[in-house]
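An overview of the molecular structure
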Amino acid sequence: MSGTDHGGLELSAGMRGKGTYLLELECIRGLAILLVYLFHVWGITFGRHQGGVSFGLGYVLGGNTGVTLFFVLSGFLLSLPWWRAAAEGAAAPSVRNYALARVLRIVPLYLVAVLIAAIVTGKWEVALQAALFQFVGFDMFPFSVVWWTLATEFQFYVLLPLCALALWRGGLARVLCFGALVVWLGWYLSTFVLPGPDGPIRSYWVTKSVFGRLPAFLMGVIAAGVYLRLCDRPQRITGILVTAGIVTAWLVLGGVLGEAVRIGESKAEWAWHLHHSYEALLWTAIILLLLLGRPRFAAVLVNRPMALLGKLSYSLYLIHVPVLFYLIYPIKTPMEEAYIGSWYAYVLPVAALLLSVGLSYVTYRLIELPFLNLKHRIPL
């Protein structure tokens with residue numbers, strides 16, 4: 001599955017040599033963006049939904065779990081160099097090179113997206129805040145709908161090397177790191193667990209920040225350590241057990257998403273914020289089982305189309321909401337309620353997906369790939 005793709009879309013672009021590209025994770029990234037896309041398709045087409053849902057529909061209405069999956073993947077992939085260096089007894093990865101690699105990976109395309117949003121909306125002051133990875137919410141709708149996740153990712157990018165170096169050096173630095181973790185855990189429990197389901201909504205930003213979503217990143221970090229310890233050992237888990245484990249995790253995840261949808265997206269952020277942690281735990285289990293075992297249905301997920309979708313996922317993530325909005329709303333608004341029962345409600349999301357993929361391919365080739373090639377040359 002590695003090698004050169006037609007048109008220059010290399011699956012291993014930006015990788016640092018043989019053995020660093022994990023096809024399974026690229027495909028899982030493709031799954032994550034599909035879930036997010038379906039979530040926004042439903043929201044733009046039908047609006048918010050409350051009440052019980054079927055199992056399958058739960059993955060659509062709860063498709064924002066794809067964001068949680070992205071966070072788990074970030075924790076996994078970004079911590080791998082630190083785990084590898086520790087396992088090999090090598091020097092700690094360069095923080096300078098780590099920071100430069102992060103900038104090359106996310107900043108160029110993001111700044112282009114912010115610039116386009118500023119030109120269209122005229123909100124240059126908000127655009128400046130967004131460019132500095134501040135939380136801007138829906139202030140530059142529809143472009144800024146997904147930007148909060150990049151602000152959260154950026155916070156994790158800063159936190160990871162600080163914690164890794166503290167643990168690396170040991171002594172007082174390690175004590176302070178564990179102390180900070182205990183303080184965070186106390187804050188997390190007091191904010192999201194102890195107040196109960198009717199606890200006050202102190203800040204919407206808190207539910208979206210790295211402090212509210214840290215469990216997903218941490219589970220990804222832990223999964224990376226487990227993977228490195230087990231990946232070179234003889235196969236100990238049979239395909240049947242791996243398949244059973246993934247199916248079980250998938251079923252439980254569907255139940256978690258269905259319950260979150262029943263509560264309501266906004267209310268669940270405070271009444272049951274722990275559902276994000278449950279999602280992260282289940283995604284972590286699925287990732288590890290997929291990497292360490294050989295599930296019988298792996299080809300359903302691990303294939304070239306899903307890998308290519310994963311490769312385009314960053315561009316798709318930034319592009320798909322504006323495409324959906326500007327393609328659907330000019331037709332939906334005049335039709336009002338008649339739109340939901342019309343063929344437009346089904347054809348336009350498909351057209352929006354094809355258009356989003358096409359535009360993503362262009363932005364990947366023109367913006368992402370050149371900077372990925374620069375990133376490829378930076379040693380960690």
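Residues numbered from 1 in each chain as written. Predicted model: local features only at pLDDT ≥ 70, side-chain atom pairs only at ≥ 80, totals over all residues. Heavy atoms only, no water.

Points about the overall build of the protein chain
Each helix and strand counted, the protein chain has 16 helices and 0 strands in total. Computed over the C-alpha atoms, the radius of gyration of the protein chain is 21 Å, within 12% of the 21 Å expected from 2.2 N^0.38 for a compact globule of 380 residues. Sequence separation of 24 or more characterises 78% of the internal contacts of the protein chain that already satisfy a separation of 6 or more. Carbon and sulfur atoms form 68% of the exposed surface of the protein chain, whose accessible area is close to 18000 Å². (Helix = DSSP H or I, 4+ residues; strand = E, 2+ residues; numbered from the N terminus. Rg over C-alpha atoms; globule rule 2.2 N^0.38 Å. Contact = heavy atoms within 4.5 Å. Areas by Shrake-Rupley, 256 points an atom, 1.4 Å probe, with all protein chains shown as cover.)

Focus: the side chain of Glu269
By the secondary structure assignment, Glu269 is in helix α11 (residues 265-271). Polar contacts involving the side chain of Glu269 include one to the side chain of Thr207, which spans 3.4 Å. (Polar contact = N/O pair within 3.5 Å; in protein donor to acceptor, adjacent residues only side chain to side chain.)

Looking at the pattern of salt bridges
Under the definition given, this model contains 6 salt bridges. Where Lys311 meets Glu26, a salt bridge forms, and the shortest distance between an N and an O atom there is 3.1 Å. Taken together, the residues Lys311 in helix α14 (residues 304-311) and Glu26 in helix α1 (residues 23-46) connect sequence positions 285 residues apart. In this structure, Lys311 and Glu26 share a single accessibility class: buried. What you see here is one network of salt bridges that share partners, running through Glu26, Arg29 and Lys311. (Salt bridge = Lys/Arg side-chain N within 4 Å of Asp/Glu carboxyl O. Buried < 20%, exposed > 50% of the residue type's maximum accessible area, 1.4 Å probe, protein only.)

Brief notes about the confidence of the model for the protein chain
On average, the protein chain scores 89 in pLDDT, and the residues at 70 or more come to 91%. Ignoring residues within four places in sequence, the model shows residues 1-8, a span with pLDDT below 50, making 15 contacts including any to other chains. Below a pLDDT of 50 lies the segment residues 14-18, which in the model reaches 12 contacts outside its immediate sequence neighbourhood of four places, other chains included. (pLDDT = per-residue confidence, 0-100.)

Notes on the nonpolar core
Residues Phe76, Tyr110, Trp147, Ile287 and Leu318 are the most contacted members of the largest nonpolar core, which totals 92 residues. Setting aside residues up to four positions removed in sequence, Ile287 forms contacts with Leu25, Ile28, Leu69, Val72, Leu73 and Phe76. Tyr37, Ile328, Tyr339 and Leu348 belong to the second largest nonpolar core, which has 11 residues in total. (Core = buried A, V, L, I, M, F, W, Y, C linked by side-chain atoms within 4.5 Å.)

As for the environment of Val72
With respect to the helices and strands, Val72 occurs in helix α3 (residues 65-88). For Val72, a relative accessible area of 1% gives the class buried. Separated by 209 residues in the primary sequence, Val72 and Leu281 place their C-alpha atoms 8.9 Å from one another. If we ignore the near neighbours within four places in the chain, the residues touching Val72 are Ala216, Gly220, Ala280, Thr284 and Ile287.

Some words on empty space enclosed by the protein
All told, the structure shown has 2 cavities of 30 Å³ or more when counted by the stated rule. Taken as a whole, the largest cavity encloses approximately 40 Å³ of empty space. Lining the largest cavity are Thr68, Phe71, Gly212, Arg213, Pro215, Ala216, His276 and Ser277. For the lining of the largest cavity, the element with the highest residue contribution is helix α9 (residues 210-230), accounting for 4 residues. When its residues are assigned to classes, the lining of the largest cavity shows 3 nonpolar, 4 polar and 1 charged. (1 Å grid on protein atoms, 1.4 Å probe; cavity = no way out; pocket = protein on both sides within 12 Å on 5 of 7 lines; lining within 4 Å. Points joined across faces, edges and corners; volume = space filled by probe spheres on them. Nonpolar A, V, L, I, M, F, W, Y, C, P; charged D, E, K, R; others polar.)

Digging into the packing of aromatic side chains
Following the criterion strictly, the structure yields 26 aromatic pairs and no others. Between Phe71 and Trp148, the ring centres sit 6.1 Å apart and the planes meet at 80°, which makes this aromatic pair edge-to-face. Of this pair, Phe71 sits in helix α3 while Trp148 sits in helix α6 (residues 147-169), placing them 77 residues apart in sequence. Each member of the pair, Phe71 together with Trp148, is buried. Seen in terms of ring centroids, Phe141 and Phe325 are 5.0 Å apart; in terms of plane orientation they differ by 85°. Their pairing is edge-to-face. With Phe141 in the loop between α5 (124-131) and α6 and Phe325 in helix α15 (residues 313-335), this pair connects stretches of sequence that are 184 residues apart. On the basis of relative accessibility, which here comes to 37%, the residue Phe141 falls in the partly exposed class. Taking the relative accessible area as the measure of exposure, Phe325 reaches 16% and is therefore buried. Members of the aromatic cluster, connected to one another through ring pairs, are Phe138, Phe141, Phe143, Phe325, Tyr326 and Tyr329. Above the ring of Tyr157, the side-chain terminus of Arg102 is found at 5.2 Å from the ring centroid. For the cation-ring pair, Lys208 lies above Trp148, with the distance from its terminal atom to the ring centre recorded as 4.6 Å. (Phe/Tyr/Trp six-rings, centres within 6.5 Å; stacked < 30°, edge-to-face > 60°. Lys NZ or Arg CZ within 6 Å of the ring centre and 35° of its normal.)

Describing unusual backbone geometry
Of note, the amide linkage connecting Phe141 to Pro142 takes the cis form, showing an omega dihedral of 0°. By secondary structure assignment, the location of Pro142 is in the loop between α5 and α6. In this structure, Phe133 takes a positive phi of about 60° despite not being glycine.

Re the state of the cysteines
The full count for this structure, using the stated rule, is 0 disulfides. There is no disulfide at Cys163, and the cysteine sulfur nearest it, in Cys177, is 4.2 Å away. Of the residues examined, Cys163 reaches a relative accessible area of 28% and is grouped as partly exposed. Cysteine Cys231 shares no disulfide, and the gap to the nearest cysteine sulfur, in Cys27, comes to 18 Å. Its relative accessible area of 27% is what places Cys231 among the partly exposed residues. (Disulfide = S-S within 2.5 Å.)

What about a nonpolar patch on the surface?
A cluster of nonpolar side chains, contributed by Val112, Leu115, Ile116, Ile119, Val120, Trp124 and Tyr326, occupies part of the molecular surface with about 680 Å² of accessible area. With 5 residues, the top contributor of residues to the nonpolar patch is helix α4 (residues 95-121). Relative to the elements of secondary structure, Leu115 occurs in helix α4. (Patch = residues over 30% accessible without salt bridge, like charges linked within 9 Å, V, L, I, M, F, W, Y side chains within 5 Å.)

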